[in-house]
Amino acid sequence: MTKEYKTIVEVSGPLIFLDKTEPVGYGELVQINLPDGTTKRGQVLDTSADMVVVQVFEGTVGLNEESGVVFSGETIKLPVSKDMLGRILSGAGEPLDGGPRIVPDERVDVNGAAMNPYSRMPPEDFIQTGISTIDGTNSLVRGQKLPIFSGAGLPHNEIALQIARQAKVPGSDEDFAVVFAAMGITNEEAQYFMEDFEKTGALERAVVFLNLADDPAVERIITPRMALTAAEYLAYEHDMHVLVILTDITNYCEALRQMGAAREEVPGRRGYPGYMYTDLASLYERAGVIKGLKGSVTQFSILTMPGDDITHPIPDLSGYITEGQIVVSRELHRKGIYPPINVLPSLSRLMNSGIGDGKTRDDHKAVSDQMYAAYAEGRDLRGLVAIVGKEALSERDRKILEFADLFEDRFVRQSRDEDRTIDDTLRVAWEILSELPEAQLTRIDNKYIEKYHPAHQKTSE
Amino acid sequence: MEVNGEIYRVAGPVVTVTGIKPRMYDVVKVGHEGLMGEVIKIQGAKATVQVYEDTSGIKPGEPVVNTGMPLSVELGPGLLESIYDGIQRPLQVLQEKMGNFIERGVTANGLDRERTWEFKPTVSNGDAVEGGSVIGVVQETANIEHKIMLPPTVSGTVKEIKSGSFRVDETVCVLADGTELPMMQKWPVRGPRPVAKKLMPTKPLITGQRILDGMFPVAKGGTAAIPGPFGSGKTVTQQQLAKWSDTDIVVYIGCGERGNEMAEVLNEFPELEDPKTGRPLMERTVLIANTSNMPVAAREASVYTGITIAEYYRDMGYDVSLMADSSSRWAEAMREISSRLEEMPGEEGYPAYLSARLSEFYERAGSVNSLAGLDGSITVIGAVSPPGGDFSEPVTQNTLRIVKVFWALDAKLSQRRHFPSINWLTSYSLYTQGLADWFSENVAPDWTDLRDNAMDLLQQESELQEIVQLVGSDALPEDQQLTLEIARMVREYFLQQNAFHPVDTYCPFEKQYKLLKSITKYGEMATAALESGVPMNKIITIESKDELAKVKYEEDFDAALDVVMAKMDEEFAQLGGN
Ligand SMILES: Nc1ncnc2c1ncn2[C@@H]1O[C@H](COP(=O)(O)OP(=O)(O)OP(=O)(O)O)[C@@H](O)[C@H]1O
Ligand SMILES: [Mg+2]
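Residues numbered from 1 in each chain as written. Chains lettered and ligands numbered in written order. Predicted model: local features only at pLDDT ≥ 70, side-chain atom pairs only at ≥ 80, totals over all residues. Heavy atoms only, no water.

### Examining the sheet that holds strand S12 (residues 134-139) of chain B
Residues and elements named next belong to chain B.
Argument step 1. Taken together, 4 strands build an open sheet; the order of strands is S13-S12-S10-S15 and the sheet is antiparallel. The strands lining the two open edges of the sheet, one partner per strand, are strand S13 (145-149) and strand S15 (164-167). Between one strand axis and the next, the sheet turns by 40 degrees as a mean value, whatever way the strands run.
Argument step 2. By the bridge criterion, 4 bridges tie strand S10 (residues 116-121) to S15 in an arrangement that is antiparallel. Looking at the pairing, Phe-119 lines up with Gly-164 of S15. (Pairing = 2+ DSSP bridges. Helix = DSSP H or I, 4+ residues; strand = E, 2+ residues; numbered from the N terminus. Axes fitted to C-alpha atoms, helices over the stretch in contact; angles between N-to-C directions.)

Here it is as structure tokens:
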């Protein structure tokens, strides 16, 4: 299968159209030889007896009808091996660090196959990130996909790095790795990550894929697939617990939109392809734990919401697929609070299976619910106070208003290297909750109040 | 009759083929690997096929075989406790055949051909039997007696009927015309199974969820939709219904949603007890899991696979509930396929037939008298996932035109962890009137009054809140402040229900009644006290009121409630007044 076709009849955006080929497989990897001797790679999007459509990853600059096209006879594969750890690869999987090519153990289709739901083990191992707004109120578990929904200029990278540094499963020291995939982020941002990885020694345990802002957008469509393929390999062949950080999902979706437009597809909401949900699911769903296997893939991706709008199709469709989201808030950031995580729109759906007696602590859920309820009410009251003044509030409401401030100041705020244990987090939680009248703690069972409420602790001592 | 042809074009899940003498919805085997697909469009010599598996690497020129059969499910003993993909391949078998990831080209029977079942005939030689007649029974699980029925299209006289242990494809009955009948039958999924008569739904589906049973009940055989933005509680609500509803059979379709959610059900249901029978919940459940990353054409089919299985148990005289999570993903699968077919798009790119498909699906719900003369029902509860949480989009709107119950999830409520976050002002049930008699006979004569009162309070609350937003609550007259307080009790003590609390997750109707009655009683005593001059802050700070908030969590609810209510009487007596 090394026959070269010179039958390009049309080049349009990132697409080329050829006729008179032998039968070509859907999704096949394609090499394009340009007249100037350079090569590009692409993938078959549509194949028939009369016409083949190829999407070119590196863009079609310099391509013309004289270019030759060679079909590889197979879909896109990533050479994988344990030696990938510590390596920096391009968004298409080629070494960027001057090191040798990866000597593959296996070559794996980057699209991956769907994990059989019957093989899945419901994730339930609590990961302590050291950040109270995550551990206390939106707990992450191994095998979960929990993205950060952020906005331009907010400290999402710092949060992601802090998590990558601090994340651990209390009481275990199993093999872990980080797979980091940059999609369309700036060189500076990428450097920020790389330096931190180097400083903390994390690079040795990391595989890095870089598709930067000035790399071809189409390549972005395979970058996360490469990264997830590497992650699955390390997790399921080498029993590692892999944390995958994909950033920025928004750039990935822009690339998808660009491709759709080039193919002249009927666009869905706000110009994004109608299949974007399914496409994103094919990335996010590649997180999980398999029964009987030791490793796991946890995804903690970054998504910057265009215009800070959570109803924009990118965060919206993501939120419908992921197992919750951590929302970074501009308002808290402006107030100077780090990490500026707004817990109200944040959610971890797998929290319930990761916390409680024997995992974190028996009162964890109740404490979290109580803080949510009180903080939500407190924030509403802030709006009211702005209109009617504090005096118009009842005694009960005033307490709740104060609680909201305490919550932001003591529970949310922590320093950039403060690694709180879950006990620290719950202690802070009880401290601020005890500022509310006990009768108002309606979400908490009496037995927990007796066990953990500071007021009761004193009397029992 | 099989017809051979070849592939002309491959573009994702849509493959164009030639030479197969297609009929619409014929099942075809595509390519060297024999990937399963279904004819969805015929144009001249070419037929368009939606393929249920990944088509990477498939080439023009590869062979195609038309089986000449429509997409069908296998119906017979062994459906319960199974987990299938969208085209009824058992996921457990797929795992045995190809490991933890679903590769393609593997076929697997919906029903196990090795397993034997004890068949007890209920007809004798010479009996006349018709389509749908019961000819025997099999004890499928401890509580479900599986009725072996004649396929709806077959009738005749029994020439031979067997008894004993058989596999599902072995003949158990022969008719006079020579027709040999195994226990198993097939039914094409895209059309409804016939019934003798459709009946009016008259009984509620008791779900153990206070806001559903109490405020917006759905009838057995009814239809309900739960629309809501992401993370607002669609799946948790559907799972609560699957767990606690007083139904005989549950068909749960995970349509384009998360793999972990299905794993959770698989993990949990064998451990949980059916409140009605005490048996493991899994024994009454059939799961269909075509998650978001599984092929989109099979997702489109999953909903039909599920409802056909539901109809089959309904025909045996069972009450079935079917949950589809999420119907929006099904609609999107239609949209995806339609756009690949380059059909004229309708609203927001959905095909023009969206509304017709949705109503055909919900029409398959209902309370019926089956061909066997048995009364059964299918209650359909569909989750809807509107983009951006905006209910004005086509799937939500088209669904609301059909279903009778609307449980509107509200992100504002879920964000403050008010669960279930069903908005009590915008939700409705069109069954409330029709079920009123049932409630007064089976719950309490004053149930409907209590409910209406509570709803009225909540309505007043929302009006008063508008004033509070302008002037603060302290500026309201005391009686109105009291109204706000009682409404808050209804919300927090009654409507809020924690699905993850071991006790509160399921609330029997009697408990719902007592709880609402107690809140109402507090309201009456408080109003009386206020009228006789007791100051408001004394009334709302009595201890028993706060204790009432927590009785729902008590194992021994009745005892705890008695203590609290006795204390309440005492406290009000001490407040005096009059
Ligand atoms: N009745 C309830 N009791 C307690 N918690 C609940 C309840 N309903 C929902 N929740 C909480 O809300 C979270 C989100 O609920 P759920 O997964 O059902 O949302 P969803 O509407 O199905 O979202 P999506 O559309 O993304 O699938 C749950 O993980 C749980 O934490
Ligand atoms: Mg859901």
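### Re the packing of helix H5 (residues 249-262) of chain A against helix H6 (residues 276-284) of chain A
Residues and elements named next belong to chain A.
Argument step 1. Running from N to C, H5 and H6 cross one another at 135 degrees; their axes reach a closest spacing of 12 Å. Judged by the inter-axis angle, H5 sits oblique to H6. Crossing of H5 against H6: the hand is right-handed. Contacts from Ile-249, Tyr-252, Cys-253 and Leu-256 in H5 reach Met-276, Asp-279, Leu-280, Leu-283 and Tyr-284 in H6.
Argument step 2. For the contact of H5 with H6, the residue count by class is 8 nonpolar, no polar and 1 charged. (Parallel < 35°, antiparallel > 145°, perpendicular 65-115°, else oblique. Left-handed = near helix turned anticlockwise from the far one by under 90°. Contact = heavy atoms within 4.5 Å. Nonpolar A, V, L, I, M, F, W, Y, C, P; charged D, E, K, R; others polar.)

### Overview of the packing of aromatic side chains
Argument step 1. Scanning the model with the defined rule gives 25 aromatic pairs over all chains in all.
Argument step 2. On the basis of an interplanar angle of 85 degrees and a centroid distance of 6.3 Å, the ring pair of Tyr-192 of chain A and Phe-193 of chain A is categorised as edge-to-face.
Argument step 3. According to the relative accessible area criterion, Phe-193 of chain A is buried, its value standing at 0%.
Argument step 4. Look at Tyr-320 of chain A and Phe-230 of chain B: their rings are 5.6 Å apart centre to centre, the planes differ by 75 degrees, and that puts the pair in the edge-to-face class. In this pair, Tyr-320 of chain A sits in helix H7 (residues 313-321) while Phe-230 of chain B sits in the loop between strand S20 (223-227) and helix H3 (234-244), so the two residues belong to two different chains. Exposure class is identical for Tyr-320 of chain A and Phe-230 of chain B. Each is buried.
Argument step 5. Each member of the aromatic cluster is reached from another via a ring pair, and the members are Trp-438, Phe-439, Trp-447, Phe-509 and Tyr-513 of chain B.
Argument step 6. In this structure, Arg-329 of chain B is placed above the aromatic ring of Tyr-277 of chain A, and the distance from its NZ or CZ to the ring centre is 3.8 Å.
Argument step 7. Positioned above the aromatic ring of Tyr-372 of chain A is the side chain of Arg-417 of chain B, whose terminal nitrogen or guanidinium carbon lies 3.5 Å from the ring centre. (Phe/Tyr/Trp six-rings, centres within 6.5 Å; stacked < 30°, edge-to-face > 60°. Buried < 20%, exposed > 50% of the residue type's maximum accessible area, 1.4 Å probe, protein only. Lys NZ or Arg CZ within 6 Å of the ring centre and 35° of its normal.)

### Quick notes on the confidence of the model for chain B
The predicted structure's coordinates, where accompanied by low pLDDT, should not be read in detail.
Argument step 1. Taken residue by residue, chain B gives an average pLDDT of 93. The fraction at 70 or more is 99%.
Argument step 2. Here the predicted complex scores 0.94 on pTM and 0.91 on ipTM. (pLDDT = per-residue confidence, 0-100.)

### Some remarks on the interface of chain A and chain B
Interfaces are often sized by the amount of accessible area the parts lose when they come together.
Argument step 1. Across the boundary between the two partners, chain A contributes 81 residues, which contact 74 residues of chain B.
Argument step 2. Taking both partners together, chain A and chain B bury about 6,300 Å²; carbon and sulfur atoms supply 53% of that area.
Argument step 3. Among the residues of chain A in contact with chain B, Tyr-26, Tyr-118 and Tyr-320 of chain A are the three that bury the most area, contributing 13% of the side total.
Argument step 4. Taken together, the links from chain A to chain B amount to 2 salt bridges.
Argument step 5. Two residues, Arg-9 of chain B and Asp-46 of chain A, come together in a salt bridge whose shortest N-O distance is 2.5 Å.
Argument step 6. The tally of links from chain A across to chain B stands at 35 residue pairs in polar contact (both at pLDDT 80 or more).
Argument step 7. The leading source of residues in the side of chain A that touches chain B is helix H10 (residues 364-388) of chain A, at 9 residues.
Argument step 8. In the side of chain A that touches chain B, the residues fall into 43 nonpolar, 20 polar and 18 charged.
Argument step 9. Pairing of strand S5 (residues 39-48) of chain A with strand S1 (residues 3-11) of chain B, which is carried by 2 bridges, proceeds in the antiparallel orientation. Looking across to S1 of chain B, one finds that Ser-48 of chain A is bridged to Arg-9 of chain B. (Buried area = accessible area lost by both parts, 1.4 Å probe. Salt bridge = Lys/Arg side-chain N within 4 Å of Asp/Glu carboxyl O. Polar contact = N/O pair within 3.5 Å; in protein donor to acceptor, adjacent residues only side chain to side chain.)

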